[in-house]
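This is what each chain is made of:
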Amino acid sequence: MGALAHDGENHAADSTTPEVPALPACQILTAARLFDGINFPQDNMSVLIEGEKIKQTGSAGQLNALCENRIDLGDATILPGFIESHAHITFQNVKKDDLLEHGITTVRDTGGPLKAPEGGQGTLRLLSVGPIIQTPDGYPLNVFGGTGGDDHIGISVGSVVEAEKVVADLVAGGATAIKIALEPGGESGAPWMQPHAGQPLPPTPWPLLPQEIVNAIVTKAHELGKKVLVHVGENIGFERALDANVDEFSHIPCSEIREDLLQRAVDQDVTFVTTIDTLASCIDSSTQKGIHSNTMSLASKGAKFIYGSEIGHDNVPWGINGGELHMMLHLTSGETIDFTDVMNVLKAATSKAGEYLGLAPLGTLVSGAPADIIAVRGNPFEKFKILEYPDLVISGGRTIVNKFNEQPTTAEIDCLFTWAEAKYPDLFVPAGASTEILSIYSYRFYSTSNAYLGVSSADSHVYYMGADGLLQNEGPISNWLPVSGCR
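Now for a quick tour of the structure. For every chain, the first residue of its written sequence is number 1, and the numbers climb from 1 along that sequence. Local features in a predicted model are, by the rule used here, given only for residues with pLDDT of at least 70; side-chain atom pairs are given and counted only at 80 or more, and totals for whole chains, interfaces and linings are based on all residues. Heavy atoms throughout the structure, all of them, feed into the side-chain values; hydrogens and water do not.

As for the overall build of the chain
Move 1: Runs of E in the DSSP output that reach at least two residues are strands. Runs of H or I that reach at least four are helices, and both are numbered from the N terminus. Helix and strand counts for the chain come out as 13 helices and 23 strands.
Move 2: For the radius of gyration, the atom set is restricted to C-alpha positions; the globular benchmark scales as 2.2 Å times the number of residues to the power 0.38. In terms of overall size, the chain behaves like a compact globule, its C-alpha atoms giving a radius of gyration of 25 Å where 487 residues would be expected to give roughly 23 Å.
Move 3: Overall, the chain is about 75 × 50 × 40 Å in size when its C-alpha atoms are taken along their principal axes.
Move 4: Note on contacts: a residue pair is in contact if any heavy atoms of the two residues lie within 4.5 Å. Taking as baseline every contact in the chain between residues at least 6 positions apart, the subset at least 24 positions apart corresponds to 61%.
Move 5: Residue-level accessible areas treat just the shown protein chains as cover; the underlying method is Shrake-Rupley with a 1.4 Å probe. About 19300 Å² of surface is accessible on the chain, with carbon and sulfur atoms providing 49% of the total.

Shown next as C-alpha cells:
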C-alpha cells in the first residue's frame, strides 16, 4: 500500500479529502474522577457533551439514559482543556497540532505576527495579541531583529499620536489584548540577555517607552475594551507600568522588585502570568533573589496568578508543562501545601484563565461551556507530570486524541467503508471493493478513482489517499462511527 511510505503524515492540508466528520449528536464520558475547573474533583462522574458544548455533568446513572454513545475511561481523570496564557506560537513556528495533542486547547499568542482569533472546533483555539509595542531601538526588536510591524515580534512607536493609532489598528486587526515592553535589559539569567540568531547583544540600558506614551497606550486600549499586558523585568519598568494602570504582567519579573511596588501591584488588582519554569535562571547571584522571591512575596500579599509557560522557548514543553505547575504550587502556597493549593494551581490554567480572558465558561465543564476536554489515566492531583501526556483530548466536541479507544471490530470497519462509499460516491469508485489487510491497515482500494480508504490499528485513525498519493489523517475512528451509524 503506497500510503505506508508516508508514515501517517499529512503532507498537503489543502488536498481534496473527505470533509471533516460531523459532530456526534451526543457523547458521555465517565471516569473515576472529574474536575470541572471550579469544584473539588468528584468521584465516579460523567460529562454529557452535545455537539460542541458541555450539556451537564453528573453520575453515570443520571446521564446514561440521555445518550447511547458512551465511553468509560476507567481509572482516569477528566478535566477541562488547559489555557496557555503566554506563548509565541506564530513567531516561533510552533506546530499548533502538537499543542492540542498535549492538552493545550486554548493559547494566547503574546508577541508575534497579528492574526484574527481562530480555532475551537477540532483545532487549537488561538488568541493573538500581535506584536509587542516598544520604543524605537528598544526591546524586543533590538534583540530579535527585523524592521517591525504587524507581522513581526515588535512594532515601534515614538509619539502619543502614533501609539494611539497602533493600538487602534491592532484591535481592528483582531488583537485580543495589547502588549508593551518596558525592558532596559541587564537582568541576570534572563533569556533575553542571551544572543539571538547569532547577533551580538545590544549594550544596556535599552531605551524605554516614556510614561506619557505608556499612559496613552493603556488609555486607548481600555477605551477599546482591551487589557494591556507588559513585559517587565525590573523596578523601573515595573513602576512605570503601575503608574499607567496596566492590567497584567506577562512574567513574574526577573530582578528583585521592591516590596512597596509588589504591594502596590496587588492593591491595583494586577494579574501575573507565571512563566516561572522558563525564567527559573532569573536570580541575582549576589542576593539569590529574583523570580522565585518575587513570586513568594506576591503570593503572600494575595496576588492573582494565571498559568503560562511561554511555549515557543526551546526548553518548554509544547503542551501542558508539569514543571510550571509544580513550581507554581511550591512558590505560591506558603509554608505548607494543602489540597486547596493544588486546586488553585489547576484553576489558574482552566477556569481562572478563562474568566480572566473574558471567555468564561471556557476552562470549565459546566453547562454551556465549549467541549474542550482532556483526560489522563491516574490522578493528576497527585502527580502533575502525567498531564503532559493526555490520553484523551477533545476540542469543541471533536476527538483529537483517544488512547482509551477500543479497537474497532471488523464489522464496524466494513460498515464505515460502506457508508463512506455512499456518502462520498465521487471519491470511492467503484463501490463495494473488498476489505484488505496490509501491516497495520485495514483498507479498501478503489481502482477507478485510484483512492484508498483505511483504518490503522496503530492509532485507530481513519486514513484517505487519493490519486495524488498524499496520505490524509481524517482523525479517530471514534469520531466517524457514531456519525456513520456504525456504532
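A look at the pairing of strand 16 (residues 373–377)
Move 1: For the exposure calls, accessible area comes from a 1.4 Å probe over protein chains only, and a residue counts as buried if that area is under 20% of its type's maximum, exposed if over 50%, partly exposed in between. Judged by how many residues are buried, strand 16 sits mostly within the fold: 4 of 5 residues are covered.
Move 2: By the bridge criterion, 5 bridges tie strand 5 (residues 76–80) to strand 16 in an arrangement that is antiparallel. Note that in strand 16 the partner of leucine 79 across the bridge is isoleucine 374.
Move 3: Between any two strands, pairing holds if DSSP finds at least two bridges. Sheet analysis places strand 16 next to strand 17 (residues 392–395), joined by 3 bridges and oriented antiparallel.

Here we look at the sheet that holds strand 6 (residues 82–87)
Move 1: Read across the sheet, 3 strands follow the order 6-7-8 without closing on themselves; strand pairing throughout is parallel. The open sheet has two edge strands, strand 6 and strand 8 (125–128), and neither has a second partner. Direction aside, the axes of adjacent strands within the sheet are offset by 15° on average.
Move 2: Taken together, the 4 bridges between strand 7 (residues 104–109) and strand 8 define a ladder with parallel strand orientation. Of the residues in strand 8, the one forming a bridge with aspartate 109 is serine 128. Axis geometry follows a simple rule: fit a line to the C-alpha atoms, using only the stretch in contact for helices, then measure angles between N-to-C directions, giving values from 0 to 180 degrees.

As for the state of the cysteines
Every disulfide links exactly two cysteines, by a covalent bond between their sulfur atoms.
Move 1: A pair of sulfur atoms, both from cysteines and within 2.5 Å, is called a disulfide here. Counted under the stated rule, the structure contains 3 disulfides.
Move 2: Disulfide pairing is shown between cysteine 26 and cysteine 67; the S-S distance is 2.1 Å. Across the S-S bond linking cysteine 26 and cysteine 67, the dihedral sits near 95°, which makes this disulfide right-handed. Residue cysteine 26 is found in the segment before strand 1 (27–34), and its partner cysteine 67 is found in the loop between helix 1 (60–63) and strand 4 (70–72); the two are separated by 41 residues along the sequence. When sorted by exposure, cysteine 26 lands in the same class as cysteine 67, which is buried.
Move 3: What pairs with cysteine 254 in a disulfide is cysteine 282, and their sulfur atoms sit 2.0 Å apart. What sets the handedness of the cysteine 254 and cysteine 282 disulfide is the S-S torsion sign, and at about 45° it is right-handed. Of this pair, cysteine 254 sits in the loop between strand 13 (248–249) and helix 7 (259–267) while cysteine 282 sits in the loop between strand 14 (271–273) and helix 8 (291–300), and the two are 28 residues apart along the sequence. Both residues of the pair, cysteine 254 and cysteine 282, count as buried.
Move 4: The connectivity of the disulfide bonds within the chain can be written as 1-2, 3-4, 5-6, using the sequence rank of each bonded cysteine.

Here we look at the pattern of salt bridges
Move 1: Any Lys or Arg side-chain nitrogen located within 4 Å of an Asp or Glu carboxyl oxygen qualifies as a salt bridge. By the definition in use, this model includes 16 salt bridges.
Move 2: Measuring nitrogen to oxygen at the nearest pair gives 2.9 Å for the salt bridge that ties arginine 258 to aspartate 260.
Move 3: Taking the relative accessible area as the measure of exposure, arginine 258 reaches 37% and is therefore partly exposed.
Move 4: One salt bridge connects lysine 385 with glutamate 388, and the closest N-O pair in it is separated by 2.9 Å.
Move 5: For glutamate 388, a relative accessible area of 7% translates into the label buried.
Move 6: Via salt bridges that share partners, Lys96, Lys115 and Glu118 belong to a single interconnected network.

Examining the packing of aromatic side chains
Move 1: Aromatic pairs are defined between Phe, Tyr and Trp rings, using the six-membered ring for Trp, whenever the two ring centres lie within 6.5 Å; interplanar angles under 30 degrees are classed as stacked, those over 60 as edge-to-face, and all others as tilted. Summed over all chains, the structure comprises 19 aromatic pairs.
Move 2: Centre to centre, the rings of phenylalanine 238 and phenylalanine 249 are 4.3 Å apart; their planes meet at 5°, and the pair counts as stacked. Highlighted residues: phenylalanine 238 in helix 6 (residues 235–243) and phenylalanine 249 in strand 13, separated in sequence by 11 residues. Accessibility assignment for this pair places phenylalanine 238 and phenylalanine 249 in one class, buried.
Move 3: Ring centres of tryptophan 419 and tyrosine 424 lie 6.1 Å apart, and the angle between their planes is 90°; on these two criteria the pair is classed as edge-to-face.
Move 4: We classify tyrosine 424 as buried; its relative accessible area is 11%.

Description of the nonpolar core
Move 1: Remark: nonpolar core denotes a set of buried residues (Ala, Val, Leu, Ile, Met, Phe, Trp, Tyr, Cys) joined through side-chain atoms within 4.5 Å. Grouped together as the largest cluster of nonpolar side chains are 90 residues, with contacts concentrated most on Ile133, Phe238, Phe249 and Leu387.
Move 2: Filtering out sequence-adjacent residues up to four positions away, phenylalanine 249 remains in contact with Val230, Val232, Phe238, Ala241, Leu242, Ala265, Val270, Thr271, Phe272 and Val273.

A closer look at the environment of leucine 279
Move 1: Note on placement: leucine 279 falls in the loop between strand 14 and helix 8.
Move 2: Along the backbone, leucine 279 and glutamate 310 are 31 residues apart, and their C-alpha atoms lie at a distance of 9.4 Å.
Move 3: Ignoring sequence-local partners within four residues, the contact set of leucine 279 consists of Pro191, Trp192, His251, Ile252, Cys254 and Ile291.

Thoughts on the packing of helix 6 against helix 7
Move 1: Across the interface, helix 6 lies against helix 7 with an axial gap of 11 Å and an inter-helix angle of 30°. In terms of their interaxial angle, helix 6 and helix 7 are classed as roughly parallel. Considering only the axes of helix 6 and helix 7, their crossing is left-handed. Between helix 6, through Asn235, Phe238, Glu239, Leu242 and Asp243, and helix 7, the contact on the second element is made entirely by Leu261, Leu262, Arg264 and Ala265.
Move 2: For the contact of helix 6 with helix 7, the residue count by class is 5 nonpolar, 1 polar and 3 charged. Here is the rule for angles: anything less than 35 degrees is roughly parallel, anything more than 145 is roughly antiparallel, 65 through 115 is roughly perpendicular, and the remaining ranges are oblique. Handedness of a crossing is defined here by the sense of rotation of the near helix relative to the far one, left-handed for an anticlockwise turn of less than a right angle and right-handed for a clockwise turn. Basically, the charged four are Asp, Glu, Lys and Arg, the nonpolar ten are Ala, Val, Leu, Ile, Met, Phe, Trp, Tyr, Cys and Pro, and anything else, Gly included, counts as polar.

Here's the deal with helix 4 (residues 160–172)
Move 1: If you check helix 4, its first and last C-alpha atoms are 18 Å apart, about what 13 residues at 1.5 Å a residue would give, namely 18 Å.
Move 2: Listing the buried residues of helix 4 in full gives Ala163, Val166, Val167, Leu170 and Val171. Here the buried residues of helix 4 occupy an arc of 130° about the axis, which is enough to place them on one side. Away from the buried face of helix 4 by more than 90 degrees, exposed residues Val161, Lys165 and Ala172 are located.
Move 3: Packed against the buried residues of helix 4 are strand 9 (132–134), strand 10 (154–156), strand 11 (178–182) and helix 5 (211–223).
Move 4: In the segment just after helix 4, glycine 174 is the residue with positive phi, at about 110°. Each residue after the first adds 1.5 Å to the expected span of a helix. The reported arc concerns the directions from the helix axis to the C-beta atoms and nothing else.

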